[in-house]
Amino acid sequence: MSENRENFNEKLEEYKELTEKSKPELGMSWFKFLIYFMLFLAAAENLAQAVSLILNFKNEYLQELFDLKYFDGDMRAFGIFFGFIYLIPAVSAVYIRFDLAKFKKGSPTKYIVFEIYSQIITWVYSLFIALCELEGFDVRTLILAFVGVTFGCVLGGFVYIYPNVVYFKNRKHLFVN
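None of the values given here were measured: they were computed from a predicted structure.

**Remarks on the nonpolar core**
Most often, soluble globular proteins keep nonpolar side chains buried together rather than apart. Ranked by internal contacts, the top residues of the largest apolar core, which has 17 residues, are F31, L39, L100, Y111, F114 and F168. Contributions of two or more residues to this core are made by α2 (29-55), α4 (76-101), α5 (107-133) and α6 (139-170). Ranked by residues supplied to this core, first place goes to α2 with 6 residues. Of all hydrophobic cores here, the second largest spans 8 residues; its members include L53, I121, Y125 and F128.

So this is what it looks like as structure tokens:
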């Protein structure tokens, strides 16, 4: 009986090796794009947004490029507040990039949380801007602005974040350091 058990274990090991070898190689192009370009770009964009909001830096080219809104007068405190809020993803992007590059355990989750946080910041900021721009309009217009901003951020976030969740879920065995 022990001989049958050993024979079974040998066959099981052979089967495991065969199935491991027959698995297709997972592509890492998106991962490389993220760690070598995208996260640095995200950090730079958030840093530019933060600095321009904190310093109230008015440059028409940057305003158009980053879709910036300047806060003057009574609203200046909100500009500074949002500026400091934008510093968080700027620093986080670099930190998460190095965690991903080292294949640290949990770094894909940090990246997904980073993207969700970035979407929430974009939503709050866009909503605030829309409400400031629409001051004096009727309630229906304000509700439509809220729905439009919310729908755009949620849909855009889902279209970008969900494929990343699937991508990193398929590669979670790589992140073990």
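After presenting the structure, the write-up continues.
**Examining the packing of aromatic side chains**
In this structure the tally under the stated criterion is 17 aromatic pairs. Taking the centre distance of 6.2 Å and the plane angle of 65° together, the rings of W30 and Y160 count as edge-to-face. Of this pair, W30 sits in helix α2 while Y160 sits in helix α6, placing them 130 residues apart in sequence. Since its relative accessible area comes to 28%, W30 is described here as partly exposed. Both rings, one in F158 and one in Y162, keep their centres 5.4 Å apart while their planes meet at 15°; by these two values the pair is stacked. Of this pair, F158 and Y162 both sit in helix α6, 4 residues apart, roughly one helical turn.

**Thoughts on α4**
Over its 26 residues, α4 runs 39 Å from end to end, which matches the ideal 38 Å to within 8%, given 1.5 Å per residue. Within α4, burial applies to R76, G79, F82, G83, Y86, P89, A90, A93, I96, R97, D99 and L100. Where α4 is buried, its residues meet α2, α5 and α6. One or two steps after α4, the chain reaches F103, where phi turns positive at roughly 55°.

Reading guide: rules and limits
Residues numbered from 1 in each chain as written. Predicted model: local features only at pLDDT ≥ 70, side-chain atom pairs only at ≥ 80, totals over all residues. Heavy atoms only, no water. Core = buried A, V, L, I, M, F, W, Y, C linked by side-chain atoms within 4.5 Å. Buried < 20%, exposed > 50% of the residue type's maximum accessible area, 1.4 Å probe, protein only. Helix = DSSP H or I, 4+ residues; strand = E, 2+ residues; numbered from the N terminus. Phe/Tyr/Trp six-rings, centres within 6.5 Å; stacked < 30°, edge-to-face > 60°. Expected span 1.5 Å × (residues − 1). Contact = heavy atoms within 4.5 Å.

The values are spatial; any link to function lies outside them.
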